[in-house]
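One-letter residues, chain by chain:
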Amino acid sequence: MNFKFLELKKEESIAIVSFNREKALNALNSAMLDEISDMTKLLKNDEEVNVVIFTGKGKAFIAGADISEMEKLNSFEGMAFGKKGSEVFTMIENLEKPTIAAINGYALGGGCEFAMACDIRLASSKAKFGQPEVGLGIIPGFSGTQRLPKLVGLAKAKELIFTGDIISSEEAKSIGLITYIYEADELMENAKTLAKKISKNAQLAVRNAKRSINEGFNKDMVSASSIEATYFGMCFSSEDQKNGMKAFLNKEKVKFITK
Ligand code: CAA
């Protein structure tokens, strides 16, 4: 598969996907959304890949949806563009492999929304975050009105969305939008270290944990616990569970094999 706006590198079991539209600060146009969708399918089916890191080339992670493409849209086209972006981001959220956003710079509008669709967010000390859409006469359209309140709480999400304020990595960390901040030149190494740590564990278990968390998140405790029980049970049919537990009891090291 050929990609114009994305670059894929693989380092052992880690895939690193870089947004590669540097001149437009990696702004998301329709073609790039299509590529992200194709890339997600590719990574899902790539048995070598356990964990995916997303980052941006240049000074932006993603500076939002492409304003020059949106400028001409009517109401129906706007709705279709929003739906498309939201569907692609939901694919990312539900990609069975863990995803890490290594946020190197601007993560604004659709860029902040993309990062929120990832499982874990790490950022450079130079990164900037915000949902500045109301300053353009629109609202966040790639599910930002839904994911931001879940991550930072209703009041802070409303403040950020209503003001369009751009915040620093420090503030983003203090409100729970990101978990770690690194110096710019240390961001990728730390993202890779985290990815490798996840990659060493039993992948079927990691994937079942992700499914259980995502599917249970908006459910009541009884339903969510029942979802968890199903995925917990599924783990017991894997060789990794047999080998992992036997190794623990025999005080040996284990190498997980299930893909
Ligand atoms: N869409 C299209 N092009 C964009 C863009 C975007 N979101 N963000 C930046 N660019 C382009 C600029 O137009 C500029 O292009 P030219 O060189 O052809 O003029 C180039 O990228 C470099 O940008 P700047 O010159 O503006 O760079 P800067 O360093 O001075 O400023 C910035 C950086 C503060 C991020 C500024 O570019 C900016 O404010 N960008 C827009 C941010 C924004 O409003 N994002 C939300 C978009 S709406 C959205 O995302 C909706 C949604 O939820 C789906």
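Residues numbered from 1 in each chain as written. Predicted model: local features only at pLDDT ≥ 70, side-chain atom pairs only at ≥ 80, totals over all residues. Heavy atoms only, no water.

- As annotated in an unreviewed UniProt entry, the chain carries the name short-chain-enoyl-CoA hydratase and comes from Helicovermis profundi.
- Reading the Subunit (unreviewed entry) entry of the UniProt record for the chain gives the comment "Homotetramer."
- In UniProt, the chain has this text filed under Pathway (unreviewed entry): "Lipid metabolism; butanoate metabolism." (UniProt positions renumbered as here; feature names shortened; annotations may be inferred.)

### Observations concerning the packing of helix 4 (residues 110–117) against helix 5 (residues 144–152)
Here is step 1 of the chain: The geometry of helix 4 relative to helix 5 is characterised by a closest axis approach of 10 Å and an angle of 55° between their N-to-C directions. On the basis of their axis angle, the class for helix 4 and helix 5 is oblique. For the pair helix 4 and helix 5, the sense of crossing is left-handed. Counted together, E113, M116 and A117 of helix 4 and G144, R147, L148 and L151 of helix 5 form the full contact between these two elements. (Axes fitted to C-alpha atoms, helices over the stretch in contact; angles between N-to-C directions. Helix = DSSP H or I, 4+ residues; strand = E, 2+ residues; numbered from the N terminus. Parallel < 35°, antiparallel > 145°, perpendicular 65-115°, else oblique. Left-handed = near helix turned anticlockwise from the far one by under 90°. Contact = heavy atoms within 4.5 Å.)

### Considerations on the site of the ligand
Here is step 1 of the chain: Close to the ligand lie 23 residues; K59, A65, G110, E113 and E133 are nearest.
Here is step 2 of the chain: I67 is positioned with one of its backbone polar atoms (N or O) 2.9 Å from a nitrogen atom of the ligand.
Here is step 3 of the chain: In the model, an oxygen atom of the ligand is placed 2.7 Å from a nitrogen or oxygen of the E113 side chain.
Here is step 4 of the chain: Its free accessible area being 990 Å², the ligand has 61% of it covered by the protein chains.
Here is step 5 of the chain: Contributions of two or more residues to the shell around the ligand are made by helix 2 (67–70), strand 6 (106–108) and helix 4.
Here is step 6 of the chain: Residue composition of the shell around the ligand, grouped by class: 14 nonpolar, four polar and five charged. (Near = heavy atom within 4 Å. Polar contact = N/O pair within 3.5 Å; in protein donor to acceptor, adjacent residues only side chain to side chain. Areas by Shrake-Rupley, 256 points an atom, 1.4 Å probe, with all protein chains shown as cover. Nonpolar A, V, L, I, M, F, W, Y, C, P; charged D, E, K, R; others polar.)

### Here's the deal with the sheet that holds strand 7 (residues 120–124)
Here is step 1 of the chain: Taken together, the six strands give an open sheet; going across it, the order is 1-2-3-5-7-10, and neighbouring strands pair in mixed fashion. Looking at the sheet topology across the chains shown, the edges are occupied by strand 1 (6–11) and strand 10 (180–182). Averaged over neighbouring strand pairs, the angle between their axes works out to 20° when direction is ignored.
Here is step 2 of the chain: Pairing of strand 1 with strand 2 (residues 14–19) involves six bridges; the strand directions are antiparallel. The residue bridging E11 from the neighbouring strand is I14, located in strand 2. (Pairing = 2+ DSSP bridges.)

### Notes on the nonpolar core
Here is step 1 of the chain: In terms of nonpolar packing, the biggest core is built from 45 residues, with F19, F54, F61, I103, F114, F129 and L177 touching the most fellow members.
Here is step 2 of the chain: Leave out the neighbours within four places in its chain, and I103 touches F61, A115, R121, L122, A123, S124, A127, F129, I178 and L187.
Here is step 3 of the chain: Of all hydrophobic cores here, the second largest spans 13 residues; its members include I100, A102, L187 and I198. (Core = buried A, V, L, I, M, F, W, Y, C linked by side-chain atoms within 4.5 Å. Buried < 20%, exposed > 50% of the residue type's maximum accessible area, 1.4 Å probe, protein only.)

### Thoughts on the side chain of D66
Here is step 1 of the chain: Checked against the element boundaries, D66 lands in the loop between strand 4 (60–62) and helix 2.
Here is step 2 of the chain: Polar side-chain contacts of D66 include one of 2.5 Å to the side chain of S68.
Here is step 3 of the chain: Looking at D66, its side chain comes within polar contact range of the main-chain nitrogen of E69, at 3.2 Å.
Here is step 4 of the chain: In this structure D66 touches R21, A27, L28 and N29, once residues within four positions along its chain are discounted.

### Here we look at the pairing of strand 2
Within a regular strand, the side chains alternate between the two sheet faces.
Here is step 1 of the chain: In terms of residue burial, strand 2 counts as a mostly covered element, since six of its six residues are buried.
Here is step 2 of the chain: Burial along strand 2 is two-sided: the face carrying I14, I16 and S18 and the face carrying A15, V17 and F19 are both buried.
Here is step 3 of the chain: In textbook terms, the turn of a hairpin is the stretch between consecutive antiparallel strands, and for strand 1 and strand 2 this stretch comprises two residues, one of which, E12, has a positive phi near 50°.
Here is step 4 of the chain: As paired elements, strand 2 and strand 3 (residues 51–56) share six bridges and run parallel to each other. Across the sheet, the residue bridging to S18 is T55, located in strand 3.

### Thoughts on the environment of L33
Here is step 1 of the chain: Considering the arrangement of structural elements, one finds L33 in helix 1 (residues 30–45).
Here is step 2 of the chain: Considered as a pair, L33 and K156 are 123 residues apart in the sequence and their alpha carbons are 28 Å apart.

### What about the sheet that holds strand 4?
Here is step 1 of the chain: Spatially, 4-6-8-9 is the arrangement adopted by the four strands of the open sheet, whose pairing is mixed. Either end of the sheet is taken by a strand with one partner, and the two such strands are strand 4 and strand 9 (167–168).
Here is step 2 of the chain: Strand direction decides the pairing type here: strand 4 and strand 6, joined by two bridges, are parallel. Bridging across to strand 6, I62 finds its partner in A107.
Here is step 3 of the chain: Contacting strand 4, strand 6 and strand 8 (128–130), helix 4 runs over the sheet at an angle of about 75° to strand 4.

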